[in-house]
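Here is how the chains run, residue by residue.
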Amino acid sequence: MKYLILVGDGLGDLPIADLHDRTPLDFAETPMLDALCRNGRLFLTQTVPEGFSPGSDVANLSLLGYRPEDYYTGRAPLEAASMAIDLAEDETAFRCNLVTLNHGVENRVEMIDYSAGHISSDESRQLIEALEKECSTKRFHFKAGISYRHILLVKGDYPVMDTVPPHDFIEQEVTAPWLRYMQNPEWAQLLNKASNVLATHPVNLQRAEKGLNKANAIWLWGEGKLPSMPSISERFGLRGSLISAVDLLKGLGIVAGLEILNIPDATGYIDTNYRGKADAALKCLQTQDFVFVHVEAPDEAGHQGLLKDKLQAIEDFDAKIVTPIVSGLRSRGEEFRLIATMDHYTPLSLRTHTSDPVPTILYDSRELEKGSGQNFSEKTGQQTMNTLNKTPSDGETMLKQLLQQ
Ligand SMILES: [Zn+2]
């Protein structure tokens, strides 16, 4: 038996007037997802437990069968794992963005750009190397990642404070969170020194000349220690792989003990290498028991508020991921159980994530039980739950259902 979880990131949405009050998932042409849903079980999964913010980190951890209440320690340690950084027990990883801040009158600080103009990895590597050379101490070390996304490692204790993601404050005031750091002498010294190093760095001088946003500050957030989790193979005796273009997902796969399959030209958007992903999923199932395939594009379209792109991303997920994988397994005569779902909604009208429970298909190729008879949508998921008088299950229950024979 082969087991699959196919995830369209941010696939869910709210009814849209232009679509006659249907959601993009309901409106889009998704013949394979609908067929699997009609012949399979349909239910809702609460991927984001109460009290957690609806990030892809928490939601995908749930979909991998780990209760965030037990295992979620923060976003940065997962990204550190994807960068092959070994976190020691006494170390904490902070996500370290290169950002563009504006310091105005009376200490007012504004977040001009959480990504310093989506600075290139080549430029940012030079900046992070300079920071490591000039600002690192026995306790603080900088590790270069991709574009504006880097890691600061902190050894030993530090004052715990409320940190905030910079992308939640685009063109807004961030005086209060900035001052929280400034109130601690050690943090204040680090952040001020970093700003000084960045201000005069040739990379930034060149950016200013070209009229690009300077990476004039670092922003620290998403901190946590490495989660200590039993691997999926330890928990369920399954060997498996994870396929995603996104570092955070790769980090989740690593801490869950999955093999990470890197697909050339996997971009995280609608131009991604779908075929490479579907082929890799089919190939790894020749020798392994389990695969987790993650597609980022619907989420990105949701954040950008682009209806056309979101519809395209949903139809591509159906036609270029779900369809070839299911057809490929069928033509090999393979028996399989499959979950098709999303991590969370990314409604176009909100351009951010929500915590709604997500519609989930569980399909068994042997079609042992009577199917739901429904097409796949947010509404049919809710209707099915109402009819059966059931509440959403959590991710761990969902995974255990997948693995039931
Ligand atoms: Zn997102």
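For the structure given in this document, a descriptive report is provided here.

**Thoughts on the coordination of the zinc ion**
For a metal bound by four donors in tetrahedral geometry, the ideal donor-metal-donor angle is 109.5 degrees, whereas six donors in octahedral geometry ideally sit at 90 or 180 degrees.
Then step 1. Surrounding the zinc ion are the protein donor atoms Asp299 (OD), Asp299 (OD), His303 (NE2) and His353 (NE2), which sit 2.0 to 2.5 Å from the metal.
Then step 2. For the zinc ion, the four donor atoms in the first shell make angles of 56 to 144° at the metal, a pattern classed as irregular.
Then step 3. The sequence pattern formed by the donor residues of the zinc ion is D-x3-H-x49-H. Here Asp299, found in helix H13 (residues 297-304), pairs with His353, found in the loop between strand E12 (336-341) and strand E13 (358-364); they are 54 residues apart in sequence, far enough to count as distant.

**What to know about the side chain of Asn184**
Then step 1. Looking at the secondary structure, you find Asn184 in the loop between helix H7 (175-182) and helix H8 (185-199).
Then step 2. Engagement of the side chain of Asn184 in a polar contact is seen with the backbone nitrogen of Glu186, the distance being 3.1 Å.

**Some words on the sheet that holds E13**
Paired through backbone hydrogen bonds, the strands of a sheet run either parallel or antiparallel to each other.
Then step 1. Strand order in the open sheet made by the eight strands is E10-E9-E11-E1-E12-E13-E2-E14, with mixed pairing throughout. Edge positions in the sheet fall to strand E10 (259-261) and strand E14 (393-394), since each of these pairs with one other strand and no more.
Then step 2. Note that strand E2 (residues 41-46) and E14 share two bridges and pair parallel. Counterpart to Thr45 in the pairing with E14 is Ser393.
Then step 3. Here helix H15 (residues 378-388) sits on the sheet and contacts E2 and E13; the angle it forms with E2, its principal contact strand, is near 95°.

**Examining the layout of surface pockets**
Then step 1. Considered as a void within the structure, the largest pocket measures approximately 1,600 Å³ in volume.
Then step 2. Elements represented by at least two residues in the lining of the largest pocket include exactly helix H3 (56-63), strand E3 (91-103), strand E8 (217-224), helix H11 (247-255) and H13.
Then step 3. The class makeup of the residues in the lining of the largest pocket is 18 nonpolar, 18 polar and 14 charged.
Then step 4. Shared between two domains, the lining of the largest pocket holds at least three residues of each, these being domain 1 (2-72 + 228-403) and domain 2 (82-224).
Then step 5. Size it by volume and the second largest pocket reaches roughly 300 Å³.
Then step 6. Forming the boundary of the second largest pocket are 18 residues, of which Arg41, Leu42, Thr384, Leu388 and Lys390 lie nearest the centre.

**Regarding the packing of aromatic side chains**
Then step 1. Tallied over the full model, the rule gives ten aromatic pairs.
Then step 2. Centre to centre, the rings of Tyr181 and Trp187 are 5.4 Å apart; their planes meet at 80°, and the pair counts as edge-to-face. Comparing Tyr181 with Trp187, the two get one shared label, buried.
Then step 3. Site record: aromatic cluster; members linked through ring pairs are Phe94, Phe140, Tyr158, Tyr181 and Trp187.
Then step 4. Sitting over the ring of Tyr148, Arg149 keeps its end group 5.4 Å from the ring centre.
Then step 5. The ring of Tyr66 has Arg235 lying over it, and the distance from NZ or CZ to the ring centre is 4.8 Å.

**Side note on unusual backbone geometry**
Among all residues save glycine, negative phi is the norm, and among peptide bonds the norm is trans.
Then step 1. Phi is positive for His20, which is not a glycine, with a value near 55°.
Then step 2. Along the chain, His20 falls in the loop between strand E1 (2-8) and helix H1 (24-27).
Then step 3. The exposure class of His20 is exposed, given its relative accessible area of 67%.
Then step 4. One non-glycine residue, Glu367, lies in positive phi territory at about 45°.
Then step 5. Its place among the elements puts Glu367 in the loop between E13 and H15.
Then step 6. Here Glu367 falls in the partly exposed class, since its relative accessible area comes to 39%.

**Focus on empty space enclosed by the protein**
Unoccupied space between atoms shows up once a probe the size of one water molecule is rolled over them.
Then step 1. Going through the model one piece at a time under the given rule, you end up with three cavities of 30 Å³ or more.
Then step 2. For the largest cavity, the calculated volume is near 100 Å³.
Then step 3. Every residue lining the largest cavity is listed: Asn39, Gly40, Arg41, Arg337, Leu362, Tyr363, Asp364, Glu367, Leu368, Glu369, Lys370 and Gly371.
Then step 4. In terms of residue count, the dominant contributor to the lining of the largest cavity is E13 (three residues).
Then step 5. In terms of residue class, the lining of the largest cavity is built from three nonpolar, three polar and six charged.
Then step 6. By volume, the second largest cavity is sized at about 40 Å³.
Then step 7. Lining the second largest cavity, in full, are Glu79, Ser82, Met83, Gly145, Ile146, Arg149 and Asp247.
Then step 8. Put simply, the parts of the chain that give the lining of the second largest cavity at least two residues each are helix H5 (76-82) and strand E5 (140-146).
Then step 9. Looking at the lining of the second largest cavity residue by residue, the class counts come to two nonpolar, two polar and three charged.

**Focus: the nonpolar core**
Then step 1. Leu4, Ile325, Leu338 and Phe376 are the most contacted members of the largest nonpolar core, which totals 42 residues.
Then step 2. Of all the elements in the fold, those that place two or more residues in this core are E1, helix H2 (31-39), helix H12 (274-284), strand E11 (290-295), helix H14 (307-331), E12 and E13.
Then step 3. At nine residues, the largest contribution of residues to this core is made by H14.
Then step 4. Residues Ile128, Tyr181, Ala215 and Trp219 belong to the second largest nonpolar core, which totals 38 residues.

**Here we look at the pattern of salt bridges**
Then step 1. Scanning all chains against the criterion turns up 21 salt bridges.
Then step 2. When the shortest N-O distance is used, the salt bridge between Arg139 and Glu186 registers 2.6 Å. Residue Arg139 is found in the loop between helix H6 (121-135) and E5, and its partner Glu186 is found in helix H8; the two are separated by 47 residues along the sequence.
Then step 3. On the basis of relative accessible area, Glu186 is assigned to the partly exposed category, the value being 31%.
Then step 4. Where salt bridges share partners, they join Arg67, Glu69 and Asp70 into one cluster.

Conventions we followed
Residues numbered from 1 in each chain as written. Predicted model: local features only at pLDDT ≥ 70, side-chain atom pairs only at ≥ 80, totals over all residues. Heavy atoms only, no water. Donors = N, O, S within 2.8 Å, 3.2 Å for Na, K, Ca; no water. Tetrahedral: all angles 85-135°; square planar, octahedral: opposite > 155°, others 65-115°. Helix = DSSP H or I, 4+ residues; strand = E, 2+ residues; numbered from the N terminus. Polar contact = N/O pair within 3.5 Å; in protein donor to acceptor, adjacent residues only side chain to side chain. Pairing = 2+ DSSP bridges. Contact = heavy atoms within 4.5 Å. Axes fitted to C-alpha atoms, helices over the stretch in contact; angles between N-to-C directions. 1 Å grid on protein atoms, 1.4 Å probe; cavity = no way out; pocket = protein on both sides within 12 Å on 5 of 7 lines; lining within 4 Å. Points joined across faces, edges and corners; volume = space filled by probe spheres on them. Nonpolar A, V, L, I, M, F, W, Y, C, P; charged D, E, K, R; others polar. Domains from an automatic or database assignment. Phe/Tyr/Trp six-rings, centres within 6.5 Å; stacked < 30°, edge-to-face > 60°. Buried < 20%, exposed > 50% of the residue type's maximum accessible area, 1.4 Å probe, protein only. Lys NZ or Arg CZ within 6 Å of the ring centre and 35° of its normal. Core = buried A, V, L, I, M, F, W, Y, C linked by side-chain atoms within 4.5 Å. Salt bridge = Lys/Arg side-chain N within 4 Å of Asp/Glu carboxyl O.

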